[in-house]
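The chain contents come next:
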Amino acid sequence: EAGVTQFPSHSVIEKGQTVTLRCDPISGHDNLYWYRRVMGKEIKFLLHFVKESKQDESGMPNNRFLAERTGGTYSTLKVQPAELEDSGVYFCASSQDRDGLQYFGPGTRLTVT
Amino acid sequence: LAKTTQPISMDSYEGQEVNITCSHNNIATNDYITWYQQFPSQGPRFIIQGYKTKVTNEVASLFIPADRKSSTLSLPRVSLSDTAVYYCLVGAQSYNTDKLIFGTGTRLQVFP
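Residues numbered from 1 in each chain as written. Chains lettered and ligands numbered in written order. Predicted model: local features only at pLDDT ≥ 70, side-chain atom pairs only at ≥ 80, totals over all residues. Heavy atoms only, no water.

**Observations regarding the overall build of chain A**
Quick reminder of the rule: Helix and strand labels come from DSSP, where a helix needs a run of H or I of at least four residues and a strand needs a run of E of at least two; each type is numbered from the N terminus. Radius of gyration: C-alpha atoms only; globule rule: 2.2 Å multiplied by the number of residues to the exponent 0.38. We call two residues contacting when some pair of their heavy atoms lies within 4.5 Å. With residues, only the protein chains shown are counted as cover, and all accessible areas are computed by Shrake-Rupley using a 1.4 Å probe. The convention is simple: Lys and Arg are positive, Asp and Glu are negative, and His and the chain ends are not counted. Positions of charges follow a simple convention, taking NZ of Lys, CZ of Arg, CG of Asp or CD of Glu.
Summing up its helical and strand segments, chain A has zero helices and eleven strands in all. For chain A, the N- to C-terminal ordering of α and β elements is β-β-β-β-β-β-β-β-β-β-β. For a compact globule of 113 residues, the expected C-alpha radius of gyration is about 13 Å, and chain A comes in at 13 Å, within 12% of that figure. At a minimum sequence separation of 6, the contacts of chain A that also span at least 24 residues come to 53%. Accessible area of chain A: about 5,600 Å², with a carbon and sulfur share of 46%. Positive and negative side-chain charges in chain A, numbering 13 and 14 respectively, have mean positions lying 4 Å apart.

**Description of the overall build of chain B**
Under the convention used in this document: Residue burial is assigned from relative accessible area. The probe radius is 1.4 Å, only protein chains are included, and a residue is buried under 20% of its type maximum, exposed over 50%, and partly exposed in between.
The helix and strand inventory of chain B stands at zero helices and nine strands. Element order for chain B, N to C, with α for helix and β for strand: β-β-β-β-β-β-β-β-β. The C-alpha atoms of chain B give 13 Å as radius of gyration, which agrees with the globular expectation for 112 residues (13 Å, within 12%). Here the C-alpha coordinates of chain B stretch approximately 40 × 30 × 25 Å along the principal axes. Across the 112 residues of chain B, 46% fall into the buried class. Sequence-distant contacts, at least 24 apart, represent 58% of the contacts inside chain B between residues at least 6 apart. Approximately 5,500 Å² of chain B is accessible, and the part contributed by carbon and sulfur atoms is 50%. Taking the average place of the 9 positive charges on the side chains of chain B and the average place of its 8 negative ones, the gap between the two points comes to 6 Å.

**Describing the state of the cysteines**
All names here are of chain A. Here is the rule we go by: Throughout, a disulfide means two cysteine sulfur atoms within 2.5 Å of one another.
Evaluation of the coordinates by the stated rule reveals two disulfides over all chains. Between Cys-23 and Cys-92 runs a disulfide, and the two sulfur atoms are separated by 1.8 Å. Because the sign of the S-S torsion sets the handedness, a value of about -60 degrees for the bond joining Cys-23 and Cys-92 places this disulfide among the left-handed ones. Here the residue Cys-23 occupies a position in strand β3 (residues 19–24), and Cys-92 occupies one in strand β9 (residues 88–95), the gap between them amounting to 69 residues. Taken as a pair, Cys-23 and Cys-92 share a single burial class, namely buried.

**Quick notes on the sheet that holds strand β8 (residues 75–79) of chain A**
Residues and elements named next belong to chain A. Cut-off, in case you're wondering: The rule for pairing is simple: two strands pair if DSSP sees at least two bridges between them. With axes taken as lines fitted to C-alpha atoms, and helix axes fitted only over the stretch in contact, angles between N-to-C directions fall between 0 and 180 degrees.
Read from one edge to the other, the open sheet built from four strands follows the order β1-β3-β8-β7, with strand pairing classed as antiparallel. Only two strands of the sheet have a single neighbouring strand rather than two, namely β1 (5–7) and β7 (65–68). Between one strand and the next, the sheet's axes are offset by a mean angle of 15 degrees, whatever the strand orientation. Bridge analysis of β1 against β3 gives three bridges, and the strand direction is antiparallel. Opposite Thr-5, over in β3, you have Asp-24 as the bridge partner.

**Points about the nonpolar core**
Stated precisely, the cut-off is as follows: Joining through side-chain atoms within 4.5 Å is the link that ties buried Ala, Val, Leu, Ile, Met, Phe, Trp, Tyr and Cys residues into a set, and such a set is a nonpolar core.
Core analysis: the biggest nonpolar cluster contains 21 residues, and Trp-34, Leu-46, Leu-47, Met-60, Leu-77 and Tyr-90 of chain A have the highest contact counts within it. Of all the secondary structure elements, the ones that give two or more residues to this core are β3, β4 (31–38), β5 (44–50), β7, β8, β9 and β11 (108–112) of chain A. If near-sequence neighbours (up to four positions away) are discounted, Leu-46 of chain A is found in contact with Trp-34, Tyr-35, Arg-36, Asp-56, Glu-57, Ser-58, Gly-59, Met-60, Pro-61, Leu-77 and Tyr-90 of chain A. One finds Ala-60, Leu-62, Ile-64 and Cys-88 of chain B within the second-largest nonpolar core, a separate group that totals 20 residues.

The following block contains the structure:
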């Protein structure tokens, strides 16, 4: 069974540009989560999808971040416009049940210059 | 969710047993204790979870005293490949609540 995959693995963009990160959860997992770790900080929750619905987006830092999960399969996280402080590693995780074990992807390292 | 405190880093040698202790003084009655492992350039990976006493699986053991205000992850006979960051998480229900809350973690370095 394939695990959680994320694309790209690494992205380098300039301040003010737009970047879209993609996450493909484990097949059949209705729950999808985004987390991130910015430089020197702890891994922080961003938001949680149940199928295509946003269940909890309390961790989204501001309106420059937009997450979607059309069709309840893969999810995208768009940052527009990117700022220097957005640099970090963005992780996606999925779980079958709401209180089930979360499986993490390898992360996308975002560098904003 | 209960805040956790762990040592920032630990060193060990191959073949030794490593014990990482996590403090969670404000743990609630229905909170479980979960440990994740993270290798460089990878996402966190579940290791073990427990509620009280002792839990053992093929990777590690988890010791939880009666007051549940702390827990100890025990890795038997570590190898170089056990070098990683280990996170202790505390939350309600099995496998934590919807959103996992990570602390600083403990960076374990295993030397030959």
